[in-house]
Amino acid sequence: MRKISVLLFLAWVGFLFYAGIALFTSGFLLTRLELTNHSSCQEPPGPGSLPWGSRGEPGACWMASRFSRLVLVLIDALRFDFAQPQLSHVSGEPPTSLPFLGKLGFLQRILEIQPHHARLYQSKVDPPTTTMQRLKALTTGSLPTFIDAGSNFASYAIAEDNLVKQLTSTGRRVVFMGDETWNDLFPGAFSQGFFFPSFDVRDLHTVDNVDSGEWDVLITHFLGVDHCGHKHGPHHPEMAKKLSQMDQVIQGLVERLENDTLLVVTGDHGMTTSGNHGGDSELETSAALFLYSPTALFPSAPPEEPEVIPQISLVPTLALLLGLPIPFGNIGEVIAEVFSEVEDSQPHSSTLAQASALHLNAQQVSRFLHTYSTAAQDLQVKELHRLQNLFSKASADYQRLLQSPQGAEAALQTVITELQQFLRGVRAMCIESWARFSLVRMAGGAALLAATCFLCLLVSQWAASPGFYFRPLLIPMTWGLTGALVCAGLLATTGLKLDSVVLGAMAAVGSLLPFLWKAWASWGAKRPLAALLPMPGPVLLLLLIRFAGFFSDSFVIAEARAAPFLLISLILLLVAQLHWEGKLLPPKLLTIPRLGFLTPAGPPRHNGTHALGLGVGLLLCIRLAGLFHRCPEETPACSSSPWLSPLASMVGGRAKNVWYGACVGALAALLAAVRLWLRRYGNLKSPEPPVLFVRWGLPLMGLGTAAYWALASGADEAPPRLRALVAGASVMLPRAVAGLAASGLMLLLWRPVTVLVKAAAGAPRTRTVLTPFSGPPTSQADLDYVVPQIYRHMQEEFRGRLERTKSQGPLTVAAYQLGSVYSAAMVTALTLLAFPLLLLHAERISLVFLLLFLQSFLLLHLLAAGIPITTPGPFTVPWQAVSAWAFMATQTFYSTGHQPVFPAIHWHAAFVGVPEGHDFTWLSALLVGTNTFASHILFAVGCPLLLLWPFLCESQGPRKRRQPPGNEAEARVRPEEEEEPLMEMRLRDAPHHFNAALLQLGLKYLFVLGIQILACALAASILRRHLMVWKVFAPKFIFEAVGFIVSSVGLCLGIALVMRVDGAVSSWFRQLVLAQQKAGEQSSLVYTGAGSSAREAQSHLLPPCSQDLLASGTSLFYNSKS
């Protein structure tokens, strides 16, 4: 019951944190209201006559169509500088020849040969720069909000008015080929479609080698450039090949265009220097836009520097050029110069055509503003009135000029300027207004997070007190949840609408307040406030520094360097504290009470070499792990580690082979280290299934991982006839490794007690023959001395076998590995988890995983040297241990090449073990998330080791048993018997304190993580108008929130595993007691080696594998190793 109470209470605390995070998120990351209104030719956008160009035209809509056919070529991630010539110098890049420059040479030739037919623009993209959000913007002309970036994994149909819907409603035949995301956004809209997976970066050429038949509008979405960027980066030779292929595609299209066809080549976004996207850096928001018509389209030659236009300006421009209504929700501005009358030599006609297009555009935007402000009421009222007045003036001037169009060139230019100011002002207002926040929800979420952190602090101190009991944990929680659910039911029956976030927050507050009141009244109020914050001053200072650092964008950007600094500071503090307290003793020299028998302890020995060695080793591991770092884009002077890229991106074959050997060596070293540790504590001698799996399954997993790395690094170099085989093996090997890991974990949960049991008659000791000489007997005198003793010993053994009497002594059951049974299960589980996580990373990250395990063991040993072991309890884990563990999780997050920004996500993890052409979007999202939060998973699951390790390090070897007085003669014949340390079995001597310690450990870890997410929430709310809020603070909050959820779940799973092992150990002992009762003999369970005489043990429990060893009487003998 106590175990269930601990898990339920931790799950409830996690729910409180989740409710606070959800409530804050609902007020911070808002989504705008999407209108379902649609534009139509029958309903003009506003009062007044239509432009002169559409009067009397058959089939004319708002404006007469200039083109009847359209070819839209969308090259995913076509950065603007990809369309630059070879000799151009790109801002932010070294002035050297780059592989991607000059590869779209046909565009440059067209611009030089036909300057009035073609134009190149720099398309300015609105963040977030993810594909689905960009497709929404390119078809609706709207601004997708920040939170919509999360739906990039699960696209859904666009409900707003858009270009594709306008095309299909007018009977145009729309043919599409390319990214399958279009099929999700526009289901059933295409007369013919060829869809390919957008989430498979290995497919560089499939979409780029298709053709189509008859069409009115042809949309192609080429994925090769984006895939090449994700896999190799923009500076790889493969990018030059892909851009050259795109150049040939564009050239072939231009040669086949008819005069009534418009060609548009554009990118949906750019990419960073590492090939990723999703943020708002200059390289990510800069895309190329190329327009071409076989007939003259532009009245003048292109400028020297391409014009910068918003990406959504393409939507109203294409709508009016094709004779379509502008989508209802568009806020883009038409590209005015494409509406000039090229064939008319009079400038007045061109100016009037531009003004007409801008006026139609402005009328449509004004209509949208009126409808949206009525429905949503979240636009700025003063700015809205100012813009409406500006539009009314410009519209009146335009209508007046239509009555007398001659001789009004200057007035038309004024009208054009006013209309452009209106359109640009509307866009700026919408960008600012749709970033408005719900302060009430944000404050409520932050308050709930703070209250939950206080709850963790209060109950963790309560659990450490001797008088702690579990029943009060569940009663107020149950009543609070019941009351919250009843209240929610009443609100639901009365018809009040509450969303799930508010309902969850009500349930959380309703259960939290009664518990806090009860806990404070019964325990907290009786103690001074300082007792509720028992952290050592330096540890509290480090936590406060980390808390305050989240309010600085510079600290968040540089956290990859700040986190190791804080960890190193804490390690140095631990070493200094051990020195000051005189605890710098090797674990084997620790003297502790043993089951009521006090061992005399001499004065403490100050051995600083041991702790100094641990500290130096830790600092070295942290420094080496820091070599694997990814630089934030805000620090251009920093250079990211080249070791984060996969081996497949390397060009040199020899260097690739050397690195592959190093990766396999790190994998072998990791396996060897784990096996040596298990062998050291004797956990490789058991015949249990988990032990057999560790012996044979782990090497198979290592071989599968190494084979997958070999195939993945050389897949592009495989012969054509073997590529299908290589592709199949690249899919099956990760699945096999993951399947083996899952099988090992299931076996561990099934039989977690890996104990080797041996039975022997008599006392567990040996007889030694003492001789006055050394070595074997060499004379008759020596034999005369030795043979009688051997004979007497043989007589005693023979007599013992003949006489089965109770005076002989009980049958001794030697149970090896019980002293490390909990830690062995934890280390085995972490190793099994590490292999699938390792497969999701680049090959060279295996070196970081090796350092991760090594520095974790060093830190655990260093912490164990300073944690006292109290018998029989209460047990406790100090704050400095929990803080160091949390700091190391953060340090490992950065050491594996991650950053809390979307462009740094390792998208290649989505394709590990996944076949080409799959449509398992949820699986891809799960793999990417697992890769991103791998460090959170490992450290959260391994958190119980902080409690177990000091007991494991109680002794590195047996102790000599003291002989009772008066037996000096026997002592000269018998050797000094050795007692084995109980180690982790001490926890079983006080199960109440054991469960309380697990609860305390979990609450402390959640508190350290909780103050981090609280700091992120407060920083995002206070700095919500900061320039870097969407670039730094919002992504940091999202990553911390998801990381907290992952860590809390992993923590509960780790504690549940310890409880599963404890329950299995209990069953193991219980079967011994039952077997004794069946035998009907009088005997007792004893711990031997506890003092001068054996102490009667508690009736714990023995596993089914030992039933055949149980005879008339048994005694239990603990050993740490055989």
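## Things to note about the overall build of the protein
Move 1: Counting its regular elements, the protein contains 31 helices and 15 strands.
Move 2: Evaluated residue by residue, the protein yields a buried proportion of 56% over its 1122 residues.
Move 3: When contacts within the protein are restricted to residue pairs at least 6 apart in sequence, long-range pairs at least 24 apart make up 80% of them.
Move 4: Here the protein has roughly 46000 Å² of accessible surface; of this, 62% comes from carbon and sulfur atoms.

## Side note on helix H24 (residues 846–864)
Move 1: Taking 1.5 Å as the rise per residue, H24 with 19 residues should run 27 Å; its terminal C-alpha atoms sit 27 Å apart, in good agreement.
Move 2: Here H24 lies mainly inside the structure; 16 of its 19 residues are buried.

## Thoughts on the nonpolar core
Move 1: Among the nonpolar cores identified, the biggest contains 174 residues, and Phe 28, Leu 946 and Tyr 1005 are the most heavily contacted of them.
Move 2: Ranked by the residues each element gives to this core, the list is headed by helix H30 (residues 991–1022), at 20 residues.
Move 3: Judged by nonpolar contacts, the second largest core, of 81 residues, contains Val 264, Leu 314, Ala 357 and Val 426.

## A look at the pairing of strand S6 (residues 261–266)
Move 1: Counting buried residues along S6, six of its six residues qualify, which places the element largely inside the surrounding structure.
Move 2: Here S6 shows two buried faces, one formed by Thr 261, Leu 263 and Val 265 and the other by Leu 262, Val 264 and Thr 266.
Move 3: Of the strand pairs in this sheet, strand S1 (residues 69–75) and S6 are connected by six bridges, and their pairing is parallel. In the sheet register, Val 71 faces S6, and the bridge partner there is Leu 263.
Move 4: Sheet topology note: the S6/strand S7 (residues 286–292) ladder contains four bridges and is antiparallel. From the neighbouring strand, Thr 266 faces S7, where its bridge partner is Leu 289.

## A short note on the pattern of salt bridges
Move 1: For the structure shown, the criterion picks out 15 salt bridges.
Move 2: Of the charged contacts in the structure, one is a salt bridge between Asp 81 and Arg 79, with a shortest N-O distance of 2.8 Å.
Move 3: According to the relative accessible area criterion, Arg 79 is buried, its value standing at 1%.
Move 4: The network of salt bridges with shared partners includes Lys 393, Asp 397, Arg 400 and Glu 418.

## Let's talk about a nonpolar patch on the surface
Move 1: Together, Leu 620, Leu 624 and Leu 627 line one region of the surface with nonpolar side chains, adding up to about 240 Å² of accessible area.
Move 2: Among the structural elements, Leu 620 can be located in helix H18 (residues 608–625).

## Remarks on the packing of aromatic side chains
Move 1: Under the counting rule described, the total for this entry stands at 28 aromatic pairs.
Move 2: A ring pair is formed by Trp 677 and Phe 857, whose centres lie 6.4 Å apart and whose planes are at 10 degrees; its orientation type is stacked. Residue Trp 677 is located in helix H19 (residues 653–680), and its partner Phe 857 is located in helix H24; the two are separated by 180 residues in the primary sequence.
Move 3: Looking at Trp 677, the relative accessible area reads 9%, which means it is buried.
Move 4: Here a set of aromatic residues connected by ring pairs shows up, and it is made of Phe 176, Trp 182, Phe 186 and Phe 190.

## Observations concerning the sheet that holds strand S8 (residues 308–310)
Move 1: Ordered by their spatial adjacency, eight strands build an open sheet running S4-S3-S5-S1-S6-S7-S2-S8, and the pairing between neighbours is mixed. Since the sheet does not close on itself, it has two edges, and those belong to strand S4 (192–196) and S8, each with one partner. The sheet shows a mean angle of 20 degrees between the axes of neighbouring strands, direction not considered.
Move 2: Taken strand by strand, helix H7 (residues 237–256) contacts S1, strand S5 (217–222), S6 and S7, and its axis lies near 175 degrees from that of S1.
Move 3: Across the sheet, helix H8 (residues 314–321) is in contact with S1, S6, S7 and S8; its angle to S6 comes to roughly 170 degrees.

## Looking at the environment of Ala 451
Move 1: Mapped onto the elements of the fold, Ala 451 is located in helix H12 (residues 439–463).
Move 2: Overall, the relative accessible area of 22% leaves Ala 451 in the partly exposed class.
Move 3: In sequence terms Ala 451 and Val 509 are 58 residues apart; their C-alpha atoms lie 9.4 Å from each other.
Move 4: Apart from the residues within four sequence positions on either side, Ala 451 is in contact with Leu 512 and Leu 516.

## Examining unusual backbone geometry
Move 1: In the Ramachandran plot, Ala 77 falls in the positive-phi region, its phi being about 65 degrees despite a non-glycine side chain.
Move 2: In this structure, Ala 77 sits in the loop between S1 and helix H2 (105–113).

## Some remarks on the packing of helix H15 (residues 537–549) against helix H25 (residues 879–895)
Move 1: Remark: H15 packs on H25, axes separated minimally by 10 Å, with the N-to-C direction vectors making an angle of 35 degrees. Pair H15 / H25 crosses with left-handed handedness. Residues Val 539, Leu 542, Leu 543 and Arg 546 of H15 pack against Trp 879, Gln 880, Ser 883, Phe 887 and Thr 890 of H25.
Move 2: Split by residue class, the contact of H15 with H25 holds five nonpolar, three polar and one charged.

The rules we used
- Residues numbered from 1 in each chain as written.
- Predicted model: local features only at pLDDT ≥ 70, side-chain atom pairs only at ≥ 80, totals over all residues.
- Heavy atoms only, no water.
- Helix = DSSP H or I, 4+ residues; strand = E, 2+ residues; numbered from the N terminus.
- Buried < 20%, exposed > 50% of the residue type's maximum accessible area, 1.4 Å probe, protein only.
- Contact = heavy atoms within 4.5 Å.
- Areas by Shrake-Rupley, 256 points an atom, 1.4 Å probe, with all protein chains shown as cover.
- Expected span 1.5 Å × (residues − 1).
- Core = buried A, V, L, I, M, F, W, Y, C linked by side-chain atoms within 4.5 Å.
- Pairing = 2+ DSSP bridges.
- Salt bridge = Lys/Arg side-chain N within 4 Å of Asp/Glu carboxyl O.
- Patch = residues over 30% accessible without salt bridge, like charges linked within 9 Å, V, L, I, M, F, W, Y side chains within 5 Å.
- Phe/Tyr/Trp six-rings, centres within 6.5 Å; stacked < 30°, edge-to-face > 60°.
- Axes fitted to C-alpha atoms, helices over the stretch in contact; angles between N-to-C directions.
- Left-handed = near helix turned anticlockwise from the far one by under 90°.
- Nonpolar A, V, L, I, M, F, W, Y, C, P; charged D, E, K, R; others polar.

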